[in-house]
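Take a look at the letters that make up each chain.
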Amino acid sequence: MVEEGKDNEIHNKEEQVEADENGSPKRGIFVGFNIRGPIDWLRMLSRETHWSSVVAVVVVYGINQGFGGSLARVGTEYYMKDVQKVQPSESQAFTGITNIPWIIKPIWGLLTDVVPIFGHRRRPYFVLAGIVGILSMFFLSFHEKLHIVLALAALTAGSAGVAIADVTIDACVAQHSGVHPSLAPDMQSLCALSSSIGALIGFSLSGVFVHLIGPKGVYGLLSIPYALVVLVGVVLKEPQSPSFAYRQIREKFVDAAMVMWTTLKSQDVWRPCLYMYLSFALSLNIYEGLFYWETDSKAGPSFSQEAIGFVLSIGSVGSLLGAILYQYTLKTHPFRALLFWTQLFFGLSGMLDLVFILRLNLKLGIPDYFFAVIDESVFQLVGRLKWMPLLVLSSQLCPPGIEGTFFALLMSIDNFGLMSSTWLGGLLLHVLNVTRTQFDNLWLAILIRNVLRIVPLCFLFLVPKSDAESLGFSRMEVLSVLEDSENGIQVSSSLEEDSEILLKHEEEVELTPLVTSVRS
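None of the values given here were measured: they were computed from a predicted structure. (Residues numbered from 1 in each chain as written. Predicted model: local features only at pLDDT ≥ 70, side-chain atom pairs only at ≥ 80, totals over all residues. Heavy atoms only, no water.)

Student: Whenever I open this one, the overall build of the protein confuses me. Can you help?
Tutor: Helix and strand content of the protein: 22 helices and zero strands. Buried positions account for 58% of the 520 residues belonging to the protein. For the protein, contacts bridging at least 24 residues in sequence account for 86% of all contacts bridging at least 6. With the model as given, the accessible surface of the protein reaches about 20800 Å², and the carbon-plus-sulfur share is 66%. (Helix = DSSP H or I, 4+ residues; strand = E, 2+ residues; numbered from the N terminus. Buried < 20%, exposed > 50% of the residue type's maximum accessible area, 1.4 Å probe, protein only. Contact = heavy atoms within 4.5 Å. Areas by Shrake-Rupley, 256 points an atom, 1.4 Å probe, with all protein chains shown as cover.)

Student: I tried to follow a nonpolar patch on the surface on my own but got confused; where do I start?
Tutor: Taken together, M351, L358, L360, W443, L447 and V451 make up a surface patch of nonpolar side chains, about 480 Å² in accessible area. The dominant element in the nonpolar patch, judged by the number of residues it contributes, is helix α20 (residues 442-454), at three residues. Tracing the chain through its elements places L360 in helix α17 (residues 360-363). For L360, a relative accessible area of 32% translates into the label partly exposed. (Patch = residues over 30% accessible without salt bridge, like charges linked within 9 Å, V, L, I, M, F, W, Y side chains within 5 Å. Salt bridge = Lys/Arg side-chain N within 4 Å of Asp/Glu carboxyl O.)

Student: In this structure, what is going on with unusual backbone geometry? I would like to understand it.
Tutor: What is expected of a backbone is that most residues other than glycine have negative phi and most peptide bonds are trans. One non-glycine residue with positive phi stands out, namely K85, at about 55°. If you trace the backbone, K85 turns up in the loop between α3 (51-83) and α4 (88-98). Under the relative-accessibility criterion, K85 is labelled exposed at 56%. Within the chain, S302 stands out as a residue other than glycine whose phi angle is a positive 55°. Note that S302 resides in the loop between α13 (287-294) and α14 (305-330).

Student: Whenever I open this one, the pattern of salt bridges confuses me. Can you help?
Tutor: Two side chains carrying opposite charge are able to pair once their charged atoms lie near each other. A full pass over the atoms with the stated rule returns four salt bridges. Of the charged contacts in the structure, one is a salt bridge between E77 and R73, with a shortest N-O distance of 3.5 Å. Of the two residues, E77 and R73 both sit in helix α3, four residues apart, roughly one turn of that helix. The two residues E77 and R73 agree in class, both being buried.

Student: Quick question: what am I supposed to make of the packing of aromatic side chains here?
Tutor: For any pair of aromatic rings, the description consists of the separation of the ring centres together with the inter-plane angle of the planes. A full pass over the atoms with the stated rule returns 14 aromatic pairs. Ring centres of F303 and Y369 lie 6.3 Å apart, and the angle between their planes is 90°; on these two criteria the pair is classed as edge-to-face. Residue F303 is located in the loop between α13 and α14, and its partner Y369 is located in helix α18 (residues 368-396); the two are separated by 66 residues in the primary sequence. Note on F303: relative accessible area 11%, which makes it buried. An aromatic cluster is built from W293, F303, F310, F356, Y369 and F371, whose rings are joined through pairwise contacts. Sitting over the face of the ring of F346, K386 holds its NZ or CZ atom 5.1 Å from the ring centroid. Sitting above the plane of the F346 ring, R453 keeps its charged end 4.1 Å from the centroid. (Phe/Tyr/Trp six-rings, centres within 6.5 Å; stacked < 30°, edge-to-face > 60°. Lys NZ or Arg CZ within 6 Å of the ring centre and 35° of its normal.)

Student: I keep staring at the nonpolar core and nothing clicks. Help me out?
Tutor: Burial of nonpolar side chains together is a common tendency in soluble globular proteins. In this structure, F126, L140, I169, Y219, Y326, L442 and I446 are the most contacted members of the largest nonpolar core, which totals 90 residues. Beyond its immediate sequence surroundings of up to four residues, F126 is in contact with V60, A165, T168, I169, V229, V230, V232, G233 and L236. Counting residues in hydrophobic clusters, the runner-up holds 24 residues, among them L390, F407, L410 and L460. (Core = buried A, V, L, I, M, F, W, Y, C linked by side-chain atoms within 4.5 Å.)

Student: Honestly, the environment of G96 in this entry has me stumped. Any pointers?
Tutor: With respect to the helices, strands and loops of the structure, G96 is situated in helix α4. Residue G96 is classed as buried on the basis of its relative accessible area of 0%. In the structure, G96 is positioned 327 residues away from W423 in sequence and 6.4 Å away in space, judged by C-alpha atoms.

Student: Would you mind going over the packing of α4 against α13 with me for this structure?
Tutor: In a packed pair of helices, the relevant descriptors are the angle between the two axes and the axis-to-axis distance. Interhelical geometry of α4 versus α13 gives an angle of 135° and a closest axis separation of 8 Å. As judged from the angle between their axes, α4 and α13 are oblique. As for the relative orientation of α4 and α13, their crossing is right-handed in sense. Seen from α4, the contacting residues are P88, S91, Q92 and T95; seen from α13, they are Y287, E288, G289 and Y292. Residue composition of the contact of α4 with α13, grouped by class: three nonpolar, four polar and one charged. (Axes fitted to C-alpha atoms, helices over the stretch in contact; angles between N-to-C directions. Parallel < 35°, antiparallel > 145°, perpendicular 65-115°, else oblique. Left-handed = near helix turned anticlockwise from the far one by under 90°. Nonpolar A, V, L, I, M, F, W, Y, C, P; charged D, E, K, R; others polar.)

Student: Just to check I follow, could you spell out the packing of helix α7 (residues 123-142) against helix α10 (residues 223-235) for this structure?
Tutor: Direction vectors running N to C along α7 and α10 enclose 165°, while the axes themselves pass 7 Å from each other. Put simply, α7 runs roughly antiparallel to α10. Two packed elements cross with a definite hand, and for α7 against α10 that hand is left-handed. Contacts between α7 and α10 involve R123, F126, V127, A129, G130, I131, G133, I134, M137 and F138 from the first element and S223, Y226, A227, V229, V230, V232, G233 and V234 from the second. Looking at the contact of α7 with α10 residue by residue, the class counts come to 13 nonpolar, four polar and one charged.

In C-alpha cells form, the structure reads like this:
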C-alpha cells in the first residue's frame, strides 16, 4: 500500500490503475470482505505483471515448495528413521547438509543475472532446476539399499533443484518490487498464500502416501512437481536479452560481486541481515528429537504416519492465517514493533512443547492429538508473521540489475541461520543424550531452546522502525550510491540495460516468493 500522506505521481498512477469501476481501490485480498476480493486481487497482479508470472509463483511456491516440500519433509523424516535408522542428532546434521544449496543461493543468483542462456535469464534455469530434481528423486526412489552418503548426495541435489527455482523467481519478485514498491507486500502475500495452501494439501496427504507407498515411493511422486517447474520454464513470458559476450562472464561476475559488497556495507542493509541471522540461529531446531518422541510407542503418544501428516496439515492452517493476517491488518505496522511481539510470542509458544513432553496436557484433560494440532498451528502462525516483514524489506533493498543475486544473498543469510540452528540443535540433543529410544532430557533441550528464542529481542535495534520506503532507501537510490561510492564502482553496461528493459517492459516482469520456513 502507498503510505498515507505521500503524493508521489507514480504511486498515484498505480492506485488509479488498481481502482474498480466505481473509483474505489482494489488492493489486498479481502478488502471489504468481498467474496470476489481474491479474484480481483489476482487479476490486478496478473495485469501488473503477466499471467505466466502468477502461474510461476503458484507452481514454484505452491506446488514445488509447498506441496512437494511437505511431502519431502515427512517422507525424509521416516526415510532417516525407518530406512537409514539414524539417531535424532545425526538426522539433524544430515538435514543441515541437504540445506547447503540454499546457503550458496548467491551463486545461482549470479548465474541468472549475468549469464543468459539462448537470450533468456530466467526460463532456462527453471528447466535446469526441474531436470535436476526429477533425476535425483528417481535415483532415491529406484534404489533399494542406498548408502547414506549416496542418499545425502541425491537429497542435496533435489534441494539444489528447489533452490535454483527459488532464486530464479526471487529475482522476478525483486525486480517487480523495485518498479512498484507499493506492491511488495501483495507479492509476498501471494507467495505466502501459495506456499501455505500447498503445504496444507501436501501435509494432509503426506502421511497417507508414506503409509501406502513408503518414503521411497514418495520420492518418486515428487518428480511431478519438478516436472511442472520445467513447464514454467517453457511458458514464462520474459523479454529476450540482446546478444551476450560470454567471454565477459568473469568481468560481469566481478562487477556484480563488487556491487553486492558495496550495497551490503550500507548499515541500512547489513543491520537487518545481522538481526535475521541471529533470530534464526538462536532458535535452536530440535524437531527431530520431538519427532522421534512423538512416534515412539513407549515414551511418546505413538502417532501414526497418517496422524503426523494430519497434524502438520492442520498446523499449516496457522501459516495460512498468518499470511492473511499480515496482508489484511499488519503489513502497514512498523517493522520493529511487529518483530518485537512476534519474537516474544515465538518464545512463549515454545512452552507448548514443554507441556506436551511432560504430558501436562493429559492432566488438563486435553488429548495428545488435539494438543499437537494446537502446538503446530501456533508455531506456524507466529513464524509466518515473524518472517514476512523482513522479506518485504529485503525485496525493497535489492539494487537493479542484480536483483536475483542480492535477494539470494539476503535469503542465504537466513538459510545459514536456519542451518546453524539445525546443527546447534543436533549438538544439544547429542550432549543431552537424546537418542532413538532415550528421551529423559528432551524437556531440558526444549527449555534451553525457549530461553534462546527470547534473546533476539536484545538485537531489535538493528531493524528499522518502519519500512524501507519510509526511510527513503529505494533500489534506484542504492544504484546512485554505488555509482558515487569512493571506490568508483560502476555497474556494468549490461546491468544498466537490464534496468532500462525492466522499466520499459513492466508488464513482463515476473513475481517472487516467500521462502518456506523450517520448524524450530
